[in-house]
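Chain by chain, the residues run as shown.
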Amino acid sequence: MKPSTRCEAIPKEKVKFAKKYPILVMDTVGVTMPYQKLHWHDVLEINLIKSGCGYYIINGQRFDFQEGDILLINSNDLHCAYETKDLVMTVITFDANWIISSLRLDPDILSPFREMGRYYTNLLDRSNPAIAKLKGLLLELQSEHNNEQCSYCTAVYSLLMLFLANINREFRLESLEKKENAINEHQLEKMRFVIRKMESDYAYPWLLEELAALVYLSPSRFSDIFKRAVGVPPLLYLIQIRLENALQMLECSDKKITDIALECGFRTVTNFNRLFKKHIGVTPKTSRLQQGYKQ
């Protein structure tokens, strides 16, 4: 397979909402492998860390978070999450179009997302006394969403607006200094392209030099940018993609483990078993038995 000679447009993930209520609210325990994949989507996202700790890689920056922290993730943000210990977080995603009508009354209501990187940071300042009020608003929003009492859609909408208004009041900064060696949008677009190629052709025996050639970079320069953008080296990220696909095959098919290993790009079953146990925590055979399949 020859590397592509031009960068294709990389589509964002499309999140489906109910038309009249375009918001999703859910708790996640830990960080599953799909969330460790670098991704970007067409929605706005709010994270409340209920317990534990971990870190995000967002547009090449690392944000270490802990219990009580709140993070904002824009629709253009290239991001992935990693758990350090006992992570439970509330994830709220919503369609920005839901509050377009409110922009006539308050043009700045979406500033925390629209001006991210200029006057706002992805990780809100945990030392700001207003963080407790924001946490309370998010917990009340989640309660309204879960209980579905009379007029809960209006209540959730109102709490979301109040949350954004308080960020505008209390968390806007004068300006943010650009970090040295920050990854620019052009470099992020190149990493998006490489990631898409890796995900679509994960079984191909990629060499570092081939991946770098896809975006016309030297192997060392490519590795440096990729690691800053994703948090792990490119070939380790490729292993994670292969293992994710192998896990799906083990859980959803009765193919032989040997065949799955080869289909996912592992040269030997021994290597596959070792890496699967290291990253997933159990052997492929154990994973399959837990799903009720027989080898």
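Residues numbered from 1 in each chain as written. Predicted model: local features only at pLDDT ≥ 70, side-chain atom pairs only at ≥ 80, totals over all residues. Heavy atoms only, no water.

Some points on the overall build of the chain
Across its full length, the chain carries twelve helices and five strands. Looking at the chain as a whole, 48% of its 295 residues are labelled buried. A total of about 15,600 Å² of accessible surface is found on the chain, and carbon and sulfur atoms cover 51% of it. (Helix = DSSP H or I, 4+ residues; strand = E, 2+ residues; numbered from the N terminus. Buried < 20%, exposed > 50% of the residue type's maximum accessible area, 1.4 Å probe, protein only. Areas by Shrake-Rupley, 256 points an atom, 1.4 Å probe, with all protein chains shown as cover.)

Considerations on the packing of aromatic side chains
Under the defined criterion, the tally for this structure stands at eleven aromatic pairs. When the centroid spacing of 5.8 Å and the interplanar angle of 55° are considered together, the rings of Y56 and F65 count as tilted. Each member of the pair, Y56 as well as F65, carries the same accessibility label: buried. Seen in terms of ring centroids, W98 and Y157 are 5.0 Å apart; in terms of plane orientation they differ by 80°. Their pairing is edge-to-face. (Phe/Tyr/Trp six-rings, centres within 6.5 Å; stacked < 30°, edge-to-face > 60°.)

Description of the pairing of strand β5 (residues 79-94)
Relative to β5, strand β1 (residues 23-29) is paired through seven bridges, and the arrangement is antiparallel. Bridged to T28 within β5 is M89. Relative to β5, strand β2 (residues 44-58) runs antiparallel, the two sharing 13 bridges. Residue pairing across strands places L48 opposite T90, the latter belonging to β5. (Pairing = 2+ DSSP bridges.)

Quick word on unusual backbone geometry
In this structure, N59 takes a positive phi of about 50° despite not being glycine. Looking at where N59 falls in the secondary structure, it is placed in the loop between β2 and β3 (61-66). Judged by relative accessible area, N59 falls into the partly exposed class, the value being 22%. Located in the positive-phi region is D86, a residue other than glycine, with phi close to 45°.

Considering the pairing of β3
As paired strands, β2 and β3 are joined by six bridges and run antiparallel to one another. Its bridge partner lying in β3, Y56 is registered against F63. Here β2 hands over to β3 after two residues, with N59 in that stretch at a positive phi of 50°.

A few points about the confidence of the model for the chain
Per-residue confidence for the chain averages 85 on the pLDDT scale, and 88% of its residues sit at or above 70. Element-level pLDDT for the chain is lowest in helix α1 (residues 33-36), with a mean of 60, against a maximum mean of 97 in helix α4 (residues 131-147). Segment residues 1-11: pLDDT under 50, and 20 contacts once partners within four positions in sequence are set aside and those in other chains are kept. (pLDDT = per-residue confidence, 0-100. Contact = heavy atoms within 4.5 Å.)

Focus on helix α8 (residues 219-230)
Here α8 spans 16 Å end to end across twelve residues, near enough to the 16 Å set by a 1.5 Å rise per residue. Among all positions of α8, only F222, S223, I225, F226, A229 and V230 are buried. Along its buried surface, α8 packs onto β2, β5, α6 (185-200), α7 (208-214) and α9 (234-252). Just beyond α8, the residue with positive phi is G231, at close to 100°. (Expected span 1.5 Å × (residues − 1).)

Here we look at the side chain of K190
Here K190 is to be found in helix α6. Summary of buried charges: K190 has no salt-bridge partner, and the nearest side chain of opposite charge, E189, is 11 Å away. In this structure K190 touches V215 and L217, once residues within four positions along its chain are discounted. (Lys, Arg positive; Asp, Glu negative; His and termini not counted. Salt bridge = Lys/Arg side-chain N within 4 Å of Asp/Glu carboxyl O.)

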